[in-house]
Structure formats: structure tokens, C-alpha cells
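Overview (structure and organization)
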Amino acid sequence: MNTLSYKTVSANSATVNKEWVLIDAAEQPLGRMSSIAAKFLRGKYKTNFTPHVDCGDNVIIINADKITLSGNKWSEKTYIRHTGYPGGQRSLTANELFAKDPTRVVERAVKGMLPKNKLGSAIYRNLKVYSGAEHGHEAQQPKTINLNEVK
């Protein structure tokens, strides 16, 4: 057995194959849909996955205004931020944030599942979220993903 034939393949920016993926979030639970989107953004399903390289796909999420949350999460889930000033902690419930902008609820959920470093920020830029069924990326010919069939 020749052990030299088993080379570890490490992806870099020149060898990465980035695709466009379309996810329909209508009537889908927020957490399950977000974890699948984060997996595609990170590229963890690819055979040449490399942890320190952005080898994931570009993800388009449509119908963000039709997501579902189970239980009392609409009224009890809080999003906390800080203005930077003393006593500047502000919070919104999921219902209040959804009323302002439905896409921000999905964006925050996916961003929380990405690495908290420069690579995570670069990967987050590959996410496009739209509240309706229309998106401006038809030219990229995105591949539609059925969330009920993805593991």
C-alpha cells in the first residue's frame, strides 16, 4: 500500500468552486433553516472543506417574512445590543424586530452560527436575504435546495 497516494487536499482561493444556492424559507422553522444555510455558507458539505478558507457557496434566502418560530419565541426571544454608552443596553423581542425588518431576524440567526472572526465576516457577506419571493440574482442561476431533503 502506497501511503503517498493519499494526499490531503487543502482548498485555497484559486481552487474553490463557489456555487449559488437558493433557499425558500416559507413555513420553515427559523433555527433549522438557518443551520442549513450556515452549512452551505461555510462549505462543510464539500469534500475539499478547509476550515481556514472561505470555500462555501453564496446563499440566497427568499420569503424571510414567512418564517415560523415555535412556542412563545415571538414574544420571549430577545435580541440585545449595546450603544456603547453607559446604560446603553437596548433589547427587542423577535416580534418587534420582525415588524421592523423580517430579513434581520434571519440574518442574525445565520450570523450566530458562523465563526466569530474575520473569516466569519467574509463568509457572512455571501448571504443574501429577501423578504419576498423576488431576488435579483437570476443571472447566477441558483440551485434550489429542498430543506426537507437536506440533512
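See above for the structure.
Residues numbered from 1 in each chain as written. Predicted model: local features only at pLDDT ≥ 70, side-chain atom pairs only at ≥ 80, totals over all residues. Heavy atoms only, no water.

Let's talk about helix α4 (residues 102-111)
- Taken residue by residue, α4 has Pro102, Thr103, Val105, Val106, Ala109 and Val110 as its buried positions. Axial view of α4: buried residues confined to an arc of 160°, hence all on one face.
- On its buried face, α4 is in contact with α1 (30-42), β2 (58-62), β3 (78-82), α3 (94-100) and β5 (127-129). (Buried < 20%, exposed > 50% of the residue type's maximum accessible area, 1.4 Å probe, protein only. Helix = DSSP H or I, 4+ residues; strand = E, 2+ residues; numbered from the N terminus. Arc of directions from axis to C-beta. Contact = heavy atoms within 4.5 Å.)

Some remarks on the nonpolar core
- Grouped together as the largest cluster of nonpolar side chains are 30 residues, with contacts concentrated most on Ile23, Leu30, Met33, Val59, Ile61, Ile67 and Val106.
- Secondary structure elements with two or more residues in this core: β1 (20-24), α1, β2, α3, α4, α5 (118-124) and β5.
- Here the element with the most residues in this core is α1; it accounts for seven residues.
- Contact partners of Ile23, with chain neighbours within four places excluded, come to Met33, Ala37, Val59, Ile60, Ile61, Ile62, Ile145 and Leu147. (Core = buried A, V, L, I, M, F, W, Y, C linked by side-chain atoms within 4.5 Å.)

Remarks on the packing of aromatic side chains
- Under the criterion given, the structure shown has two aromatic pairs.
- Ring plane angle 50° and centroid distance 4.9 Å describe the contact between Phe40 and Tyr45, whose orientation is recorded as tilted.
- Its relative accessible area of 7% is what places Phe40 among the buried residues.
- Of the residues examined, Tyr45 reaches a relative accessible area of 35% and is grouped as partly exposed.
- On the numbers, 5.0 Å between centres and 70° between planes, the contact of Trp74 with Phe98 is edge-to-face. (Phe/Tyr/Trp six-rings, centres within 6.5 Å; stacked < 30°, edge-to-face > 60°.)

Just distances and angles here, no functional claims.
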